Amino acid sequence: MSVSLSRYLVEQQRAKGKIPPELRLLLEVVARACKSVSHAVNKGALGGVLGSAESENVQGEVQKKLDIIANEVLIEANEWGGHLAAMASEEMDSIYLVPNRYPQGEYLLLFDPLDGSSNIDVNVSIGTIFSVLKKTDGGQGVSEADFLQPGKQQVAAGYCIYGPQTTLVLTVGDGVAMFTLAREQGSFVLTQENVQIPADTKEFAINMSNMRHWDAPVRRYIDECLQGQEGVRGKDFNMRWIASMVADVHRILTRGGIFMYPWDKREPNKPGKLRLMYEANPMGWLVEQAGGAATNGRQRILDIQPSQLHERVSVILGSKNEVERVRSYHQG
Ligand code: AHM
Ligand code: MG
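Every chain is numbered independently, its residues counted from 1 as its sequence is written. Going through the entries in the order they are written, you letter the chains from A and number the ligands from 1. Two thresholds apply to this predicted model, a pLDDT of at least 70 for residue-level local features and 80 or more for giving and counting side-chain atom pairs, whereas whole-chain, interface and lining totals are computed over all residues. Each side-chain value is worked out from all heavy atoms of the structure, with water and hydrogens disregarded.

Draft legend 1. Quick look at the overall build of the chain. Helix numbers and strand numbers start at the N terminus; a helix is a DSSP run of H or I with at least 4 residues, a strand a run of E with at least 2. Each helix and strand counted, the chain has eight helices and 17 strands in total. In terms of overall size, the chain behaves like a compact globule, its C-alpha atoms giving a radius of gyration of 19 Å where 332 residues would be expected to give roughly 20 Å. Remark: exposure states derive from per-residue accessible area (1.4 Å probe, protein chains only) relative to the maximum for the residue type, with buried under 20%, exposed over 50%, and partly exposed in between. Here the chain holds 332 residues, and 55% of them are scored as buried. Residues are treated as being in contact if the distance between any of their heavy atoms lies within 4.5 Å. The contacts of the chain with a sequence gap of at least 6 include a subset with a gap of at least 24, amounting to 63%. Taken as a whole, the chain presents about 14,000 Å² of accessible surface, with 47% of it coming from carbon and sulfur. Based on C-alpha atoms, the radius of gyration is set beside the globule rule, defined as 2.2 Å times the residue count to the power 0.38. For the accessible areas, the method is Shrake-Rupley and the probe is 1.4 Å, while residue cover comes only from the protein chains on display.

Dropping the structure here:
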């Protein structure tokens, strides 16, 4: 018997009291939006969705057409349901308030609408990453300050990967579940529960072209991996780098591994490339919920108190023992 996402959420709500009805609605709406993005991605050149939009986002990155389309799809899907107070996105400078004509809820939704933008036009896996927080003060009105909560306060997080299959990966704090889009039914079907990342791995993911810019601990770790069987690790390692965090994290959730986008000397004043609130936090929580770990080298990602919506962070996540090793190299 196949279990749809809707049924999974209802059962989580009934059996475990994990998901209040408004959160269930929110997650169903996010999943529906991801389905539309998946259709747009699938059409590719036929749908006129490839290429640049000739604009820049707040981080100074050139936006692709699909970055903007996915952003609009997520906003339009989520703004009217009454479950949200506001949204924040990689593609919007400041927070998006739910328009006055709609009721306001207490949840805050953050997303990277289209992660792995450099892979859109080359037909490589990309995805949508999302994180859900709850307003803590219970009062009226909402501001950016309401969003500045550490990742450990997330109430739901996940991503949808648009690859050979479209798969939604979700946690509400009770492990990680994966749902594959059954196109003929138009619904996400539960295909894996209780996802577990092996504690050890022989596979690493890092953009090696930045090696000369890395800090000593990261360089030491990768050097030791590269030495293989003859070196201190006594085993050969394999390397993968997809340049879509969703795809690299999906591989790690599937068969283990370590992913790093560390701080480097190219832009010494930036803590890293990836964004804390809608990339590192949701991915960090998923990885922890699957038995892995996520750190910036000195601190657990989920403990970091953000001070800005678009704050960047150094990211090291995946198989527990490898992440712990990299963390220990940072201690000196
Ligand atoms: P994006 O959100 O603008 O797509 O940027 C984030 C992406 C990650 O998915 C990926 O891990 C990284 O950027 C790749 O960066 P690089 O091209 O420097 O290797
Ligand atoms: Mg991204």
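More follows now that the structure is in view.
Draft legend 2. Representation of the nonpolar core. As used in this record, nonpolar core signifies buried Ala, Val, Leu, Ile, Met, Phe, Trp, Tyr and Cys residues forming a set joined through side-chain atoms within 4.5 Å. In this structure, Leu26, Leu27, Leu109, Leu168 and Phe179 are the most contacted members of the largest nonpolar core, which totals 44 residues. Formed by 43 residues, the second largest nonpolar core is a distinct cluster that contains Leu108, Val195, Ile252 and Val287.

Draft legend 3. Structural view of the environment of Ile69. Within the fold, Ile69 resides in helix H3 (residues 65-78). In this structure Ile69 comes out as partly exposed when scored by relative accessible area, which is 29%. Measuring from C-alpha to C-alpha, the distance between Ile69 and Ala53 comes to 9.9 Å, with 16 residues separating the pair along the chain.

Draft legend 4. Quick look at the site of ligand 1. The near set for a molecule or strand comprises every residue that places at least one heavy atom within 4 Å of it. Neighbouring residues of ligand 1: 17 residues in total, closest Gly116, Ser117, Asn207, Met245 and Tyr261. We call two N or O atoms a polar contact when they sit within 3.5 Å, provided that within protein one can donate a hydrogen and the other can accept it, with sequence-adjacent residues counted only if both atoms are side-chain atoms. At 2.9 Å, a side-chain N or O of Asp115 approaches an oxygen atom of ligand 1. Here Ser117 contributes a backbone N or O atom positioned 2.9 Å from an oxygen atom of ligand 1. When the free accessible area of ligand 1 is taken as 470 Å², the share hidden by the protein chains comes to 87%.

Draft legend 5. Molecular detail of the pairing of strand E6 (residues 126-134). A large share of E6 lies buried, amounting to eight of its nine residues. Pairing between two strands is assigned when DSSP locates at least 2 bridges connecting them. The sheet contact formed by strand E5 (residues 107-115) and E6 spans seven bridges and is antiparallel. Opposite Tyr107, over in E6, you have Lys134 as the bridge partner. In terms of strand pairing, E6 meets strand E7 (residues 156-162) through seven bridges, oriented antiparallel. Looking across to E7, one finds that Ser131 is bridged to Ala157.

Draft legend 6. Spotlight on the packing of aromatic side chains. We call Phe, Tyr and Trp rings a pair once their centres come within 6.5 Å, taking the six-membered ring for Trp, and we label the pair stacked below 30 degrees between planes, edge-to-face above 60, and tilted otherwise. Counting across every chain of the model gives four aromatic pairs. An angle of 45° between the planes, with centres 6.5 Å apart, marks the rings of Phe204 and Phe237 as tilted. Of this pair, Phe204 sits in strand E11 (residues 203-205) while Phe237 is found in the loop between helix H5 (216-227) and strand E12 (238-239), placing the two residues 33 residues apart along the sequence. Across the pair, Phe237 and Phe204 agree in class, each one buried. Look at Trp241 and Phe259: their rings are 5.4 Å apart centre to centre, the planes differ by 20°, and that puts the pair in the stacked class.

Draft legend 7. Quick look at the coordination of the magnesium ion (ligand 2). Any N, O or S atom lying within 2.8 Å of the metal counts as a donor, and for Na, K and Ca the limit rises to 3.2 Å; water is left out, so some sites can look incomplete. In the first shell of the magnesium ion (ligand 2), the protein supplies Asp112 (OD), Asp115 (OD) and Glu279 (OE), at 1.8 to 2.1 Å from the metal. Each donor residue of the magnesium ion (ligand 2) lies on the same chain, and together they follow the pattern D-x2-D-x163-E. You'll find Asp112 and Asp115 in the same group, each marked buried.

Draft legend 8. Here's a closer look at the pattern of salt bridges. Counted as salt bridges are all cases of a side-chain nitrogen of Lys or Arg within 4 Å of a carboxyl oxygen of Asp or Glu. Under the definition given, this model contains 20 salt bridges. For Arg325, the salt bridge is made with Glu224, and the minimal N-O distance between the two is 4.0 Å. Remark: Glu224 occurs in helix H5 and Arg325 occurs in helix H8 (residues 320-329); sequence separation between them is 101 residues. Take Arg325: its relative accessible area is 29%, and that puts it in the partly exposed class.

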